[in-house]
Structures are given as C-alpha cells and as structure tokens.
Amino acid sequence: MCRHLGYLGPARTLSSLLYDGEHSMEQQSYAPRMTQGNLLNADGFGIGWYEDDGGARRFRRAQPIWTDVSFREIAGVVRAGCAVAALRSATSGFPVDESCAQPFRAGTRLFSHNGKVEGFAGVESELRELAGDLAEVPDARAPVDSALLFAHAARLWRDGASLGDGLAEVVRSVSALAPGRYNLLAADGTALAATTWGDSLFVRTTPEVIWLASEPITEEAGWEPVPDRSLVTADFASGVRIDPF
C-alpha cells in the first residue's frame with residue numbers, strides 16, 4: 001500500500017528528496033521492499049512543500065513518477081525545508097485520478113495516507129459524518145477513502161487540535177468503525193506528525209534533519225523502525241516523540 005516520506009531540515013531540492021538514495025522514492029515506486037499487498041506504487045505521485053512565505057505548494061500526477069521527465073527537471077531547481085511526498089498504489093474500486101494523488105492540502109497543512117479502509121462502502125456514511133462539511137476543503141471531495149480521513153483531520157485541526165493530536169484522533173475514530181491500515185503523515189511547515197497502524201514507518205534524525213519514511217531511502221545508519229500503533233510528533237523545538245496508542 002503506497003509509500004510516503006516527510007522531511008524537515010535545511011532547504012534542499014525536491015529532486016534530492018524524491019530521486020536520491022539507494023532506495024529513493026522513485027525506486028520505491030517500482031521496487032518497494034516493505035510494502036504489503038502490492039508490487040508497484042505506480043498509480044500516481046505527489047509532493048507538497050513550503051515557500052518562504054509559509055504557503056504550502058503541491059505537484060501531483062496520476063502517473064508513475066518515473067515517467068514524468070519534465071517534473072524531474074523542475075524538481076532540480078525547487079528547494080524546500082519541509083516537505084511531504086507520496087506514491088500511490090490505488091486500492092481496487094477507486095479511480096486512478098490526479099485528485100486522488102497525495103498529499104492533500106488544507107490551508108498550510110499537508111496530509112498523506114498510506115493504507116486503506118477495509119469495507120469502505122459499509123462505513124462510508126459514518127466517515128462522512130466524521131468529516132463534516134467538505135466545502136472548505138476541496139481535496140476532501142476526491143473519490144477515494146483517504147479523502148474522508150483527511151477531511152476528518154482537517155475538521156479537527158480547524159477546531160484547534162494540534163497536528164499530531166488530529167491524526168491520532170482520526171486513527172482512533174476510524175479504526176473503531178472499520179479495520180484497515182492507517183499510516184497517516186502530516187506537516188505544517190515547521191513540524192511533522194505521523195501514525196503507524198498496520199504498515200511500516202521509519203524515523204531518522206540528525207542535529208539538523210528529521211526524516212519520516214515508510215521505508216529507509218538510504219543505507220545510512222540511524223534509520224529506526226517506529227512500533228506499530230504509535231503516534232510520532234517531530235520538530236526542532238521538542239525533538240522526536242513516539243507515543244503508543
């Protein structure tokens with residue numbers, strides 16, 4: 001199921017985030033090592049990042065990342081100090097469409113879901129109740145299960161929840177309705193947050209950089225697996241914190 005990555009640190013090119021490393025995001029699109037239930041992540045990709053003014057920008061496509069040569073050139077000149085990247089392996093029953101490619105965006109927050117809601121049709125109405133009014137969050141109208149998880153998170157954030165608390169509450173609420181894989185990832189420009197629920201996540205930190213990734217993108221030492229059913233919050237003021245659900 002999908003792959004995603006969060007980065008926080010000195011500004012670097014989007015190209016380095018997606019294409020560098022022995023097990024880069026590009027390589028994970030056609031040769032993932034730890035994914036569950038699929039061999040490819042070729043049904044779309046996206047990356048969101050933050051400009052100097054704090055605004056969140058995105059690039060998304062409904063095609064394999066390795067086929068978009070033009071984006072690779074653009075990615076070599078765009079730099080960011082905080083980013084969320086995602087590769088998609090579409091769940092059966094949902095379209096391969098750019099609107100379903102992540103990260104989704106709500107104001108200055110970026111969101112990615114690695115996983116699926118089992119038996120989505122049977123709980124869709126309940127998920128829509130949790131999501132609330134979708135009018136203020138256009139990405140929440142995408143025809144995919146992840147969009148309603150995102151809408152719920154966006155609603156919680158609007159109501160004052162922190163980045164991490166919003167993700168944690170989504171997982172608690174949705175997992176009580178349906179089994180599934182609920183690895184979520186979010187950023188707000190100065191912090192990252194993620195959950196593990198049914199799939200892999202790794203963290204790597206140095207004094208200047210924080211990485212969160214579905215699987216390590218390099219062979220460097222320091223990649224640590226995050227226990228399943230955990231919440232990760234990370235910023236440079238407080239460091240990395242891992243709390244069990």
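Refer to the structure above for everything that follows.
So, a few notes on the structure that sits alongside this text. Note that the structure is a prediction, hence the values are computed from the model and not measured. (Residues numbered from 1 in each chain as written. Predicted model: local features only at pLDDT ≥ 70, side-chain atom pairs only at ≥ 80, totals over all residues. Heavy atoms only, no water.)

This paragraph deals with the sheet that holds strand β4 (residues 79-87). What holds strands together in a sheet is hydrogen bonding between their backbones, with the strands either parallel or antiparallel. Read from one edge of the open sheet, seven strands run β3-β2-β4-β1-β10-β9-β11, paired in antiparallel fashion. Each edge of the open sheet carries a strand with a single partner, namely β3 (56-61) and β11 (224-225). By the bridge criterion, four bridges tie strand β9 (residues 202-205) to strand β10 (residues 210-213) in an arrangement that is antiparallel. Each residue of the ladder has a partner; that of Phe 202, found in β10, is Ala 213. (Pairing = 2+ DSSP bridges. Helix = DSSP H or I, 4+ residues; strand = E, 2+ residues; numbered from the N terminus.)

Turning next to the pairing of β4. Within β4, seven of the nine residues are buried, which leaves the element mostly enclosed by the surrounding structure. Note: strand β1 (residues 3-13) against β4, eight bridges, orientation antiparallel. When the bridges of β4 are listed, Arg 12 appears paired with Ala 80. Of the pairings in the sheet, the one linking strand β2 (residues 45-50) to β4 comprises five bridges and is antiparallel in character. What sits directly across from Gly 46, in β4, is Ala 86. (Buried < 20%, exposed > 50% of the residue type's maximum accessible area, 1.4 Å probe, protein only.)

This next bit is on the packing of aromatic side chains. Under the criterion given, the structure shown has ten aromatic pairs. Residues Trp 211 and Trp 223 carry aromatic rings whose centres are separated by 6.4 Å and whose planes lie at 45 degrees to one another, so their mutual orientation is tilted. Remark: Trp 223 occurs in the loop between β10 and β11 and Trp 211 occurs in strand β10; sequence separation between them is twelve residues. Just as Trp 211 is buried, Trp 223 falls in that class too. (Phe/Tyr/Trp six-rings, centres within 6.5 Å; stacked < 30°, edge-to-face > 60°.)

This part covers the nonpolar core. Counting residues in hydrophobic clusters, the biggest one holds 36 residues, and the most contacted among them are Phe 111, Val 117, Leu 127, Leu 149 and Tyr 182. Broken down by secondary-structure element, the contributors of at least two residues to this core are β5 (104-106), β6 (109-117), α4 (120-131), α5 (145-158), α6 (163-177) and β7 (180-187). Sort the elements by how many residues they give to this core and α5 lands first, with nine residues. Among all residues touching Leu 149, those that are not within four sequence positions of it are Phe 111, His 113, Val 117, Leu 127, Val 170, Val 174, Tyr 182 and Leu 184. (Core = buried A, V, L, I, M, F, W, Y, C linked by side-chain atoms within 4.5 Å. Contact = heavy atoms within 4.5 Å.)

Looking along the chain, the bond that leaves Gln 102 and enters Pro 103 is cis, with omega of 20 degrees. On the secondary structure map, Pro 103 appears in the loop between β4 and β5. In the Ramachandran plot, Arg 229 falls in the positive-phi region, its phi being about 60 degrees despite a non-glycine side chain. As for its placement among the helices and strands, Arg 229 is situated in the loop between β11 and β12 (230-235). A residue is classified by how much of its surface remains accessible, and Arg 229, at 44% relative accessible area, is partly exposed.

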